[in-house]
Every structure is written in structure tokens, then in C-alpha cells.
Amino acid sequence: MMRHFLTVSDVMTKNVVTVAEDTPFKAVAAVLAEHHISAVPVRSAFGGIVGVVSETDLLRKEEFQRRPRRPWQRGAIRTKADAITAQMLMSSPAVTIEGGCTLDEAARLMAARRITRLVVTDGDKVTGIVTRSDLLRVFLAPDQEILARIRRDVVDGHLWDEPLAVQIDVLEGVVTLTGQVPQRSTVALAGSLVAGVDGVVGVHNELTWAFDDTARAAGPFY
């Protein structure tokens, strides 16, 4: 069964703004404000992406603006507070993902690394930026679009012999399945496949079956 999943390249921001390692603090802040973005990748002199500067990194300077500098205060946060260039500000290395990865793969990577954005790459080339809000846009798809995805990925995949035997309704992203399928095992499989369609919020699986193929056949008596 061929399934079509949305990928990172489908939802990412493609026009990537970058800054050089030696870009001054105020220039970095100006880039974020001008382009209405919350972070910017930092490129090396050789063109590669070596890190990312976010609004949080810039705010470290404000956080420590009136705190006295004490010799024993060290670490990344204090370093960022004293930073005057993108190289000193950035979090490095940049966490990257290939554009062909699925949205759930991107979400898991963000969660594992506790970050809100990923630099999207194609080999050594930067092709975009994907953020948590980009991943959430999939749930803004109209119900009819979600229904079309279900028909394409589940129904047209010949999960059951008679497509019209199953009624599919979508309301606010919640899918209700009604009707009858030949085998009981198909009921759980159908629910699982529909739940995995991009944009589906939940599934009410009300399917019935004609034959219980999950029941253990009675064996011979000895």
C-alpha cells in the first residue's frame, strides 16, 4: 500500500535568511526584526551553517544588563550575555533535518533536543527552516482535504474490497468510520491507518465486521 505523507519540505520556510559569524549583535537583532523571525542560522566563512542565534540568545544580554559581573560566573549563558557577535551568541552546532523527513520525525527530533526549530538541508545545502508552528499547520487543513487524504492513502489502497461499504465523515479533523468490513482484523488496521493520515485529530472507529478472523480456531480434543 503506497502512502503519501507530508514532509518537512512541504511546510518549511524556504527563503532562509542567514548571518555571518562576525555579524555584530545589533545587526543580528535588526535581521530578526526586519524579517519578523525568531531565529537566524549562522554561516561560516566557507558557507556552511555552524549554529543558530535565537531571540532567547539575544535576551541573555538584557537578562544580565544590570547584574554585577562576578569572576565565578561562567558558562554558556554568561558567555551569551557578554556576546558581541553572532559567533559568540549562537547555539552550536545547528540541529538539521533533511527535507524529505516526515513531520512526525521532525516533531520527535525537536522534542528530543528541546528546541523549537530545525535547519532543513539537502546534503550540504540549506533549503529551509522548519518551526513548531510550521508542523502544527497540518492540523489547519480543511476537513475535505483530510477526507481526500484518507481516501487516497487508505481507501484507494484497497484496505477493503468494497470502498462504498465504509462511510467516512470528518468534522474538525475528527474522523468517524461506520459500515462493515469483511474481517475483524481490518477494523483495528483501518483505525490505525486513518489515525496516521496527516491532519487527523482523532478517530471514532465504529466499524463492524462480517467474519471474526481473530478468534482462535477450536483445536481437536485429545
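Here the structure is a predicted model, which means the values were calculated and not measured.

Visitor: Looking at this structure, I do not really get the overall build of the protein chain. What am I missing?
Guide: Secondary structure assignment for the protein chain yields 9 helices and 9 strands. For the protein chain, the proportion of contacts with a sequence separation of at least 24, taken over those separated by at least 6, is 57%. Approximately 13600 Å² of the protein chain is accessible, and the part contributed by carbon and sulfur atoms is 55%.

Visitor: Just checking my understanding: could you explain the environment of D213 for this structure?
Guide: Tracing the sequence through the fold places D213 in the segment after β9 (202-211). Classification of D213 by relative accessible area gives partly exposed; the value is 29%. Sequence separation of D213 and Q183 is 30 residues, and the distance between their C-alpha atoms is 6.0 Å. Once residues lying within four places of it in the same chain are set aside, the contact partners of D213 are Q183, R184 and S185. A distance of 2.6 Å separates the side chain of D213 from the side chain of S185, its partner in a polar contact.

Visitor: Before we go on, may I ask you to explain the packing of helix α2 (residues 25-35) against helix α3 (residues 55-63) in this structure?
Guide: Remark: α2 packs on α3, axes separated minimally by 11 Å, with the N-to-C direction vectors making an angle of 130°. Classed by the angle they form, the pair α2 and α3 counts as oblique. Note that α2 runs across α3; the crossing there is left-handed. On the side of α2, the interface is formed by F25, V28, A29 and L32, while α3 contributes E55, L58 and K61. When grouped by side-chain class, the residues that make up the contact of α2 with α3 number 5 nonpolar, no polar and 2 charged.

Visitor: How do you make sense of the packing of aromatic side chains when you look at a structure like this?
Guide: What describes a pair of aromatic rings is the distance from one ring centre to the other and the angle between the planes of the rings. Under the criterion given, the structure shown has 0 aromatic pairs. Across from the ring centre of F25, 5.2 Å away, lies the NZ or CZ of K61, which sits over that ring.

Visitor: How do you make sense of unusual backbone geometry when you look at a structure like this?
Guide: Phi is mostly negative for residues that are not glycine, and the peptide bonds are mostly trans. Look at the link from S92 to P93: it is a cis peptide, with omega at 0°. With respect to the secondary-structure elements, P93 resides in the loop between α5 (86-89) and β4 (96-98). Located in the positive-phi region is H36, a residue other than glycine, with phi close to 55°. Even without glycine at this site, E172 takes up a positive phi of about 55°. Counting through the fold element by element, E172 comes out in the loop between β7 (166-171) and β8 (174-183).

Visitor: Please clarify how the nonpolar core should be interpreted in this entry.
Guide: The tendency in soluble globular proteins is for nonpolar side chains to be buried side by side. Ranked by size, the top nonpolar core spans 20 residues in total, and within it I150, V154, I168, V175, L177 and L207 carry the most contacts. Among the secondary structure elements, those contributing two or more residues to this core are α8 (143-155), β7, β8 and α9 (184-195). With 5 residues, α8 is the single largest residue contributor to this core. Contacts of I150, omitting those with residues within four sequence positions, involve V155, I168, V170, V175, V194, V197 and V200.

Visitor: So what exactly am I meant to see when it comes to the sheet that holds β9 here?
Guide: Two modes of strand pairing occur in sheets, parallel and antiparallel, and in both the strands are linked by backbone hydrogen bonds. Strand order across the open sheet formed by 3 strands is β7-β8-β9, with mixed pairing between neighbours. Of all strands in the sheet, those with a lone pairing partner are β7 and β9, marking the two edges. The mean angle between the axes of side-by-side strands here comes to 10°, regardless of whether they run parallel or antiparallel. Pairing geometry for β7 and β8, over 6 bridges, is antiparallel. The partner of V170 across the bridge, within β8, is V175. The strands touched by α8 are β7 and β8; relative to β7, the strand with the most contacts, the crossing angle is about 145°.

Visitor: Quick question: what am I supposed to make of the pattern of salt bridges here?
Guide: Side-chain pairs of opposite charge can arise where the charged atoms are in close proximity. In the structure shown here, the tally under the stated rule is 5 salt bridges. The shortest N-O distance in the salt bridge between D104 and R108 comes to 3.1 Å. Within this pair, D104 and its partner R108 are both found in helix α6 (residues 103-113), separated by 4 residues, close to a single helical turn. Judged by relative accessible area, which is 52%, R108 ranks as exposed.

Calculation rules
- Residues numbered from 1 in each chain as written.
- Predicted model: local features only at pLDDT ≥ 70, side-chain atom pairs only at ≥ 80, totals over all residues.
- Heavy atoms only, no water.
- Helix = DSSP H or I, 4+ residues; strand = E, 2+ residues; numbered from the N terminus.
- Contact = heavy atoms within 4.5 Å.
- Areas by Shrake-Rupley, 256 points an atom, 1.4 Å probe, with all protein chains shown as cover.
- Buried < 20%, exposed > 50% of the residue type's maximum accessible area, 1.4 Å probe, protein only.
- Polar contact = N/O pair within 3.5 Å; in protein donor to acceptor, adjacent residues only side chain to side chain.
- Axes fitted to C-alpha atoms, helices over the stretch in contact; angles between N-to-C directions.
- Parallel < 35°, antiparallel > 145°, perpendicular 65-115°, else oblique.
- Left-handed = near helix turned anticlockwise from the far one by under 90°.
- Nonpolar A, V, L, I, M, F, W, Y, C, P; charged D, E, K, R; others polar.
- Phe/Tyr/Trp six-rings, centres within 6.5 Å; stacked < 30°, edge-to-face > 60°.
- Lys NZ or Arg CZ within 6 Å of the ring centre and 35° of its normal.
- Core = buried A, V, L, I, M, F, W, Y, C linked by side-chain atoms within 4.5 Å.
- Pairing = 2+ DSSP bridges.
- Salt bridge = Lys/Arg side-chain N within 4 Å of Asp/Glu carboxyl O.

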